[in-house]
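# Structural description and commentary
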Amino acid sequence: MRILLVEDDDSLAQAVAAVLSRQNYVVDIAADGEAGWELVTVCNYDLILLDVILPKLDGISFCRQLRQEGYQMPILLLTAKDSRTDKVMGLDAGADDYVVKPFDFGELSARIRALGRRGNSSLPPVLEWGSLRLDPSSCEVTYAGKVLHITAKEYSILELFLRNNQRTFSRSAIVDHLWGADTDPPADDTIKSHIKSLRQKLKAAGAPYNFIETVYGLGYRLKSNAKKQKSQVSKKESTPTQQELFSAAVAEARKDFQAKVGSRIAVLEQASNALIEGKLNFGLQQNAEQEAHKLAGSLGSFGFVHGSLLAEKIESILHSQTPINQVQSQYFCELVKELQRELEQTPNELTSDEQILSEQWHKVLLIVSSDRQLVEQLVKEAATQGMHIDIAINTADARSVIESSSPDVVLLDLDCSDGVKDSLKLLTELSNRTPPIPVLVFTNRSNFADRLEVARAGGHSFLYKSMPAKQLLELVTQALQPIGVPEARVMVVDDDPQVLSVIRNLLETWGIKLTTLEDPRRFWEILTEFSPDLLVLDVKMPHVNGIELCQVVRNDPYWSKLPVLFLTAHVAADTVDRIFAVGADDCISKPIEGEKLITRIFKRLERIQLIKNK
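Computed from a predicted structure; not experimentally measured.

## Some details on the overall build of the chain
Per the secondary structure count, the chain includes 23 helices and 21 strands. For the chain, with 614 residues in total, the buried portion stands at 50%. The long-range share in the chain, meaning contacts at least 24 apart out of those at least 6 apart in sequence, stands at 65%. Just so you have it, the chain exposes about 28800 Å², and 49% of that area is on carbon and sulfur atoms.

Listed below in structure tokens is the structure:
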């Protein structure tokens, strides 16, 4: 398979090409969109790996232009962290899939194999023709169960024939598919030599010599009268040898990457020194931002997952539309030093997607304040607790940070430079998100009117600036705990299967464990077996209605405190009165509004967690 990689990060591009080449792919590299387009117009590619942010012609425009010109090869986007807009735009522009930087090389390889199969929906994961069997995941080739010891180029030729088993390939077509654009094309005798060698190895394993037959005047193809067996998905795992080869390729790529990364850190260090001296110019800031962006997208792929997070924070500060103040300058310098220390450590092997995700979803606190002294105290205290911090000096900066890094909790200075009105506006926006981002307000104010405004806007806590930094951060940690709702268990009882389906789709998206029940006569059996944290009941149901079920729950000493939320199409005052009279905690009218239901459930689950923590 021939792949075009369009990536402006040369270190990452060379590493990806090296790993893929060890898996018998032919990889051409283009450093910008225009160079990539030139290669597409002169070479035949089976797949394109396309970075979104590129010089001269960006990845989204590149992708759209390919589809408009009629190119049908699969396109796999390489996107930056949390760039949801890029993903949507890329898929709408015609991309087939995406991976998020930093990516795991194993996952990247698996997605490439999947897209290779998608190009021909009739092809299974393991390619077979008669007794010949080629497994792309392990790069193993067998004939009648006997392993063929073939070269990388011979493997590529066999794979090309198997993926296009009805086609005849001329020698020039084989060269176009299997030799890189930066290498001199081989002579015809070289292709003949490869074909001859393959035939001999196949014959030694029991195949007829003309298993690969010559179509005179046209080229080569698989022999058409070979009995074509039904393809089956192989459950055989990669052989240890192939796993070792893949690991060795990744280790070698990491070594090369580490040798080159020093120049990028030097640019960040230069920007850090310039900030301290008050001499950071636009050119250096832009250069440092570009290097930080590339590091954020590549470090995690080589085991420096925390390094990617640090580089992303550095990029966020440099990307700010407002001048970098003294507090941010100090924070920037600390991040660069921490990144340098991180790269001196031995990288952790990325062996699973779970390890990557656990780092990406590490809790992040955003501090919005122009109070330099207090922010410095909070940053120092956070460093001792291993907490990740983002800083914004005003609400405009805060919105920019929120879009790029999606903080888990916000510590908002009511008296920040924008004033109380803008602070309350930001608080309202964050509280109205689904799910909401907890916001702890801290201030020197203490009157009731301010407390009331914060409560109306959805504030999580009202704190004093005079509190020690350690205590403030302890309260932040407590605010984070209720967000852990994926462990929550919700039981829904409704006789309408469509309603249950809607609720299931809504809740399972957020990772909530769910059980649903159409027949309320089995209520007690399912309740005691599932042991929910929250119960959702329809009011009107056959045999037993929701109000009766709620009464049963409230009458039992063990279940009497279980939160109950009602769904009802009957909004008459007497119905609502009866619902709350039997002990309901909340009530939502039908038809269900997804955002409203999610918000109510999250709020109720947060309250449960707060009670448990006390």
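## Quick word on the packing of helix α2 (residues 33–42) against helix α3 (residues 59–68)
Relative orientation and spacing of two packed helices are given, respectively, by the angle between their axes and the distance between those axes. Look at α2 against α3: their axes get within 10 Å of each other, and the N-to-C directions meet at 25 degrees. What the angle tells us is that α2 and α3 run roughly parallel. Like other packed secondary-structure pairs, α2 and α3 cross with a definite hand, here right-handed. Contact residues: α2 offers G33, G36, W37 and V40, while α3 offers F62, Q65 and L66. Class assignment of the residues belonging to the contact of α2 with α3 gives a composition of 4 nonpolar, 3 polar and no charged.

## A word on the nonpolar core
Ranked by size, the top nonpolar core spans 74 residues in total, and within it V16, L49, L108, I112, I314, L339 and L411 carry the most contacts. Excluding its chain neighbours within four sequence positions, the residues that come into contact with I314 are L268, A292, F332, L335, V336 and L339. By size, the runner-up hydrophobic cluster in this structure holds 31 residues, among which are L134, F169, I174 and L198.

## Focus: the sheet that holds strand β13 (residues 388–392)
Pairing is parallel in the open sheet, where 5 strands are placed in the order β13-β12-β14-β15-β16. Strands with a single pairing partner mark the edges of an open sheet, and in this sheet they are β13 and β16 (461–464). Adjacent strand axes in the sheet meet at a mean angle of 20 degrees when their direction is disregarded. Where strand β12 (residues 364–368) meets β13, 5 bridges bridge the pair, whose relative direction is parallel. Of the residues in β13, the one forming a bridge with L366 is D390. Seen against the sheet, helix α11 (residues 305–318) touches β12 and β13 and runs at an angle of roughly 5 degrees to β13.

## Some remarks on the sheet that holds strand β8 (residues 140–143)
Backbone hydrogen bonds are what pair the strands of a sheet, in a parallel or an antiparallel way. If you trace the 4 strands from one edge of the open sheet to the other, you get β6-β7-β8-β9, paired in antiparallel fashion. If you trace the sheet from one side to the other, it starts and ends with β6 (127–129) and β9 (146–147), each paired once. Pairing between β6 and strand β7 (residues 132–135): 3 bridges, direction antiparallel. Bridge pairing in β7 links W129 to L132.

## Description of the pairing of strand β11 (residues 219–222)
In this structure, strand β10 (residues 212–215) lies alongside β11, joined through 4 bridges in antiparallel fashion. Paired with V215 across the bridge in β11 is G219.

## Considerations on the packing of aromatic side chains
Taken as a whole and judged by the stated rule, the model has 7 aromatic pairs. Taking the centre distance of 5.8 Å and the plane angle of 35 degrees together, the rings of F161 and F169 count as tilted. In this pair, the class of F161 matches that of F169, namely buried. Plain terms: the ring middles of Y558 and W559 are 4.9 Å apart, the flat faces sit at 85 degrees to each other, and that makes the pair edge-to-face. Taken together, the ring pairs in this structure connect W37, F62 and Y71 into an aromatic cluster. The side chain of R489 reaches across the aromatic face of F530, ending 4.3 Å from its centre.

## Examining helix α12 (residues 326–344)
Taking 1.5 Å as the rise per residue, α12 with 19 residues should run 27 Å; its terminal C-alpha atoms sit 28 Å apart, in good agreement. Burial in α12 covers these residues: V327, Q328, S329, Y331, F332, C333, L335, V336, L339, E342 and L343.

## Thoughts on the packing of helix α7 (residues 171–178) against helix α8 (residues 188–204)
Packing of α7 against α8 leaves a shortest axis separation of 10 Å and a crossing angle of 85 degrees. Taken as axis vectors, α7 and α8 run roughly perpendicular relative to one another. Contact residues: α7 offers R171, I174 and V175, while α8 offers D188, I191 and K192. Of the residues in the contact of α7 with α8, the class split is 3 nonpolar, no polar and 3 charged.

## Some thoughts on the pattern of salt bridges
Under the criterion given, the structure shown has 24 salt bridges. With a closest N to O distance of 3.1 Å, E291 and R264 form a salt bridge. Of this pair, E291 sits in helix α10 (residues 282–298) while R264 sits in helix α9 (residues 240–277), placing them 27 residues apart in sequence. A residue is classified by how much of its surface remains accessible, and E291, at 14% relative accessible area, is buried.

So, how was this worked out
- Residues numbered from 1 in each chain as written.
- Predicted model: local features only at pLDDT ≥ 70, side-chain atom pairs only at ≥ 80, totals over all residues.
- Heavy atoms only, no water.
- Helix = DSSP H or I, 4+ residues; strand = E, 2+ residues; numbered from the N terminus.
- Buried < 20%, exposed > 50% of the residue type's maximum accessible area, 1.4 Å probe, protein only.
- Contact = heavy atoms within 4.5 Å.
- Areas by Shrake-Rupley, 256 points an atom, 1.4 Å probe, with all protein chains shown as cover.
- Axes fitted to C-alpha atoms, helices over the stretch in contact; angles between N-to-C directions.
- Parallel < 35°, antiparallel > 145°, perpendicular 65-115°, else oblique.
- Left-handed = near helix turned anticlockwise from the far one by under 90°.
- Nonpolar A, V, L, I, M, F, W, Y, C, P; charged D, E, K, R; others polar.
- Core = buried A, V, L, I, M, F, W, Y, C linked by side-chain atoms within 4.5 Å.
- Pairing = 2+ DSSP bridges.
- Phe/Tyr/Trp six-rings, centres within 6.5 Å; stacked < 30°, edge-to-face > 60°.
- Lys NZ or Arg CZ within 6 Å of the ring centre and 35° of its normal.
- Expected span 1.5 Å × (residues − 1).
- Salt bridge = Lys/Arg side-chain N within 4 Å of Asp/Glu carboxyl O.

Note that every value here comes from positions in space, so none of it alone points to a role or purpose.
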